[in-house]
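Each chain is listed here by its residues.
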Amino acid sequence: MRYEGQIYRPFSEANSYLLQCTIGCSHNRCTFCGMYKDRRYRIRSLADIKTDIQMAKDYYSDLEKVFLCDGDALAMETGVLLEILNTLYAAFPSLRHVGTYAGPSSILEKDMSELTALRAAGLTKAYLGVESGDDRVLADVKKGVTAAEMLRAGQDLVQADINLSSMVLLGIAGRGDASRRHAEATAEITNRMRPRYLAALTYTPVPNTPLYQKVENQAFELPGPLETIEEMKIMMENITIDNLKFIGAHASNYLPVSGELQKDKDRMLALVSGVLTKQDMSALRPENHRGL
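So, here is what we can say about the structure in this document. Predicted model, so just to flag it, every value in this text is computed and none were measured. (Residues numbered from 1 in each chain as written. Predicted model: local features only at pLDDT ≥ 70, side-chain atom pairs only at ≥ 80, totals over all residues. Heavy atoms only, no water.)

Moving on: the overall build of the protein chain. The number of helices and strands found in the protein chain is 10 helices and 10 strands. A globule of 292 residues ought to have a C-alpha radius of gyration of about 19 Å, and the protein chain, at 19 Å, matches this closely. The principal-axis extent of the C-alpha atoms belonging to the protein chain is close to 55 × 40 × 35 Å. A sequence separation of at least 24 residues applies to 77% of the contacts in the protein chain between residues at least 6 apart. Across the protein chain, 34 positive and 37 negative side-chain charges occur, with their mean positions spaced 2 Å apart. (Helix = DSSP H or I, 4+ residues; strand = E, 2+ residues; numbered from the N terminus. Rg over C-alpha atoms; globule rule 2.2 N^0.38 Å. Contact = heavy atoms within 4.5 Å. Lys, Arg positive; Asp, Glu negative; His and termini not counted. Charge placed at Lys NZ, Arg CZ, Asp CG, Glu CD.)

What follows concerns the side chain of Ser-252. Summarising the element assignment, Ser-252 is placed in the loop between strand S9 (244-248) and strand S10 (257-261). Residue Ser-252 is classed as buried on the basis of its relative accessible area of 2%. Within the local environment of Ser-252, its side chain forms a polar contact with the backbone nitrogen of Thr-202, the two atoms lying 3.0 Å apart. Of note is the side chain of Ser-252, whose polar atom sits 2.8 Å from the side chain of His-250. Discounting residues that sit within four places of it in the chain, Ser-252 has contacts with Leu-201, Thr-202, Thr-204, Arg-285, Arg-290 and Gly-291. (Buried < 20%, exposed > 50% of the residue type's maximum accessible area, 1.4 Å probe, protein only. Polar contact = N/O pair within 3.5 Å; in protein donor to acceptor, adjacent residues only side chain to side chain.)

Turning our eyes to something else, we now look at the pairing of strand S7 (residues 163-170). Judged by how many residues are buried, S7 sits mostly within the fold: 8 of 8 residues are covered. Residues of S7 alternate between two faces, with Asn-163, Ser-165, Met-167 and Leu-169 on one and Leu-164, Ser-166, Val-168 and Leu-170 on the opposite face, all of them buried. Of the pairings in the sheet, the one linking strand S6 (residues 125-131) to S7 comprises 6 bridges and is parallel in character. Paired with Tyr-127 across the strands is Ser-165, a residue of S7. Pairing of S7 with strand S8 (residues 197-202), which is carried by 6 bridges, proceeds in the parallel orientation. Residue Val-168 lies in a different strand from S8, and its bridge partner there is Ala-200. Taking the sense of rotation as the criterion, the β-α-β connection linking S7, helix H7 (residues 177-193) and S8 turns out right-handed. (Pairing = 2+ DSSP bridges. Right-handed = clockwise from strand over helix to strand, strands pointing away.)

Pasting the structure below:
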């Protein structure tokens, strides 16, 4: 396979064929993110993408899952994306899943007819970096949209019947009152957005990023392990929608917690509350076992 630069994908796409449709991220200004900083965003030619699909066909013969890279394939023109999807499904008879990262601005630039056409053509899942439901946090990290715009982007995907995985960041607001506001606002935007999956990751400073420099200069106070777990607890307590798969097992998290809300809520909260009540640091993932 031909790839340009380091390739990133959600951990749930570990078994997917990675098809690089764009180079880099169309936004690429988030202060916490260290991905794609070594390249300028551009869209690969449809001819090159189709050649890669044929190479994958020759090598794998058939596939069930594909993930469209890099950071925001949804920024491509809808007609081009439809051609890519049609080519993929024609090449792989067993294909049942095509996922992509989706930037909020790119979603908002498409009307509902475009999103439903992409779903009908086989775009099954989109991963949206919500990060927070708090306007102050979104502005601080230069996400590029307000909480209201982020909500509309997520709701548009849900309305188009594209399986939405919302990704949020524990610890991204800092400590104290800001942490609680972030947790409560993130639960609220989740309730209104109604994703099928909510992946909670813990903010980890990445060298050579603006937020890392703020941490180093003590302009941003990083929450401790138990404080991030308290944020997770507040989010879970305030999420009221059903049939939400909460995924807290990412390598960045100090306490892996996953389950379905509301069905598993009592069990999940009991685990988190037990660690917080006992201040049990031995139950947490060691720093040297955490990762991005």
